[in-house]
Amino acid sequence: MAKNKKFMYGIGEVRFGEKVIGYIEKGSWDWGGTKPEKTNVEAEQVPTAPVLTLMQKNGTISPTFNLIQLDYENLHLALGGTLVGTTGAYTGWKAPTNLVELRDKCEIDLVSGQTVRMANATMMANLGGKLTLTEVSKIECQLTANMPEDGGAPYEVFDTPEETGA
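Moving on, we come to the pattern of salt bridges. In this structure the tally under the stated criterion is eight salt bridges. Ionic pairing is found between Arg 15 and Glu 107, a salt bridge with its closest N-O pair at 2.7 Å. Residue Arg 15 is found in strand β1 (residues 11-16), and its partner Glu 107 is found in strand β8 (residues 102-110); the two are separated by 92 residues along the sequence. The class for Glu 107 is buried, based on a relative accessible area of 11%.

Below you can see the structure in the form of structure tokens.
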């Protein structure tokens, strides 16, 4: 498919830290977040419009999505807890017994050729969906783009580096 970087579309791969997050339910990705906040200053002498707008806060992103590839590694990645078994041959997963705080960088490669990076993201998740023969269970995830410790941008969009290979 030809890439058109004048548009942002399609989820290619999502990484939290260095780990690839599995399949994401079709149509479930929503950028979420909040709109910018402002305060309008009104004057008695000007009844038709504010005389000044004071900016309070920039807009944010807080993506939500449903992870549907529920292997043990993905359960651990999104929910914390403990893997059962040995690396590469896990036989189970146990839910966490303490408060879970999952923070790391997060990168979303888009089919359109861009990458969205949150340098300091928090992931919150819960097991959800239904357990039927017509749909799969899912992990309902929410990411929050936090301010990085170095004070840099909470998120950025850039051209996805082209893979080099033989």
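Moving on from the model shown.
Okay, the packing of aromatic side chains next. Counted under the stated rule, the structure contains two aromatic pairs. Plain terms: the ring middles of Trp 29 and Trp 31 are 5.7 Å apart, the flat faces sit at 80 degrees to each other, and that makes the pair edge-to-face. Residue classification places Trp 29 among the buried residues on the basis of a relative accessible area of 17%. Aromatic pair Trp 29 and Phe 65: ring centres 4.9 Å apart, planes at 15 degrees, arrangement stacked. With a gap of 36 residues between them, Trp 29 in the loop between β2 (19-21) and β3 (37-41) and Phe 65 in strand β5 (residues 64-67) connect regions that are remote in the sequence. Take Trp 29 and Phe 65: they sit in the same class, and that class is buried. The rings of Trp 29, Trp 31 and Phe 65 are connected pair by pair, giving a single aromatic cluster.

So, about the side chain of Ser 28. Within the secondary structure layout, Ser 28 lies in the loop between β2 and β3. Residue Ser 28 is classed as buried on the basis of its relative accessible area, which comes to 14%. Beyond its immediate chain neighbours, meaning those up to four positions away, Ser 28 contacts Thr 64, Phe 65 and Asn 66.

What counts and what doesn't
Residues numbered from 1 in each chain as written. Predicted model: local features only at pLDDT ≥ 70, side-chain atom pairs only at ≥ 80, totals over all residues. Heavy atoms only, no water. Salt bridge = Lys/Arg side-chain N within 4 Å of Asp/Glu carboxyl O. Helix = DSSP H or I, 4+ residues; strand = E, 2+ residues; numbered from the N terminus. Buried < 20%, exposed > 50% of the residue type's maximum accessible area, 1.4 Å probe, protein only. Phe/Tyr/Trp six-rings, centres within 6.5 Å; stacked < 30°, edge-to-face > 60°. Contact = heavy atoms within 4.5 Å.

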